[in-house]
Amino acid sequence: MAGIRQRGGRTRRGVKALRNVCLLVSYDGTAYNGYQSQPGGNTIQDKLEEAIEQLTGERTRVTGSGRTDAGVHARGQVVNFPTESRIPIERWALALNARLPNDIVVRDAIEVPPAFHSRHDAIRKTYRYTIRCDRFPDVFTRHYALHHHAPLRFDAMREGLKHLLGEHDFTSFATPGPVKPHYVRTIYDARLTVENEGEKGEGRGTAHLFLTGNGFLYNMVRIIAGTLLQVGEGKREPSDIARILAAKDRTQAGPTAPPHGLVLWQVEYAAEWGIVWNG
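A. The arrangement of the environment of glutamine 54 in detail. Among the secondary structure elements, glutamine 54 is positioned in helix α1 (residues 44–56). Residue glutamine 54 is classed as partly exposed on the basis of its relative accessible area of 47%. Counting along the chain gives 45 residues from glutamine 54 to arginine 99, while the straight-line C-alpha distance between them is 7.5 Å.

B. Structural view of the nonpolar core. Counting residues in hydrophobic clusters, the biggest one holds 74 residues, and the most contacted among them are Leu23, Leu96, Leu164, Phe173, Leu209 and Leu211. For this core, the element with the most residues is helix α4 (residues 220–233), which contributes eight residues.

C. Just the packing of aromatic side chains, in detail. According to the stated counting rule, one finds six aromatic pairs in the structure shown. Between tyrosine 127 and phenylalanine 216, the aromatic rings sit 5.2 Å apart at their centres with planes inclined by 80°, giving edge-to-face as the arrangement. Residue tyrosine 127 is located in strand β7 (residues 122–133), and its partner phenylalanine 216 is located in the loop between β11 (205–213) and α4; the two are separated by 89 residues in the primary sequence. Both residues of the pair, tyrosine 127 and phenylalanine 216, belong to the buried class. Chaining the aromatic ring pairs together yields one cluster made of Phe116, Tyr269 and Trp273. Stacked on the ring of tryptophan 265, the Lys or Arg arginine 75 has its end atom at 4.5 Å from the ring centre. Geometry around phenylalanine 210 places arginine 191 over its ring, the cationic atom sitting 4.4 Å from the centre.

How each quantity is defined
- Residues numbered from 1 in each chain as written.
- Predicted model: local features only at pLDDT ≥ 70, side-chain atom pairs only at ≥ 80, totals over all residues.
- Heavy atoms only, no water.
- Helix = DSSP H or I, 4+ residues; strand = E, 2+ residues; numbered from the N terminus.
- Buried < 20%, exposed > 50% of the residue type's maximum accessible area, 1.4 Å probe, protein only.
- Core = buried A, V, L, I, M, F, W, Y, C linked by side-chain atoms within 4.5 Å.
- Phe/Tyr/Trp six-rings, centres within 6.5 Å; stacked < 30°, edge-to-face > 60°.
- Lys NZ or Arg CZ within 6 Å of the ring centre and 35° of its normal.

As structure tokens, this is what we get:
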């Protein structure tokens, strides 16, 4: 496990971290440059590490279960980090929240085995993308839902989602970047729920797209959301999703939906790790 740097820059190499602390974190990503630390700063990781240093005096690196982009939110981000602090585990959440900005909240803290890694050991992740389908924007949800002024074909969107289930090569639904070993991922659940469906007319309501899989490529959920919106608008048919998958070509899919409608909803781990949240 990585060494811990004390205040003043002294690194204690070779000192075994006695504890591996794991946090369940929620945040509003509106004001941040994403989760992962970067040269420009102002990230969720930066704020967590600063709060831990204020609390313990240790400069330690926090590992997250996934990297969310600027403007993307999290309900259930999971992070872990090494510490020599003997602060009782039940006090960590309250103590860190007192040192974090009010748009980042630690919901729970637990101790996990030294070998646990929040990203590598995740077996299932769920993301939610929200689309508010109404004539006018809602000022109170503008940071958390994409506004779509025209009605959508919700049943067609649900039909299109069925083609994503199972193991597929998702090259068509990934932003090109560094070459990966493969673009195969497994989607266990793909569903669309709609709050207040039809109350203001057919095709109106707040739609939540939930995708659960063993992993996701860069911008995968947002590209699926953008393509599914085209199905809802009647620009594509539900069966086009299967054709797009088979093409393995990003140009065949729809646009990348804006980041503010996306939430990292939940991250799951094998029972052997004994992770049970109270938050």
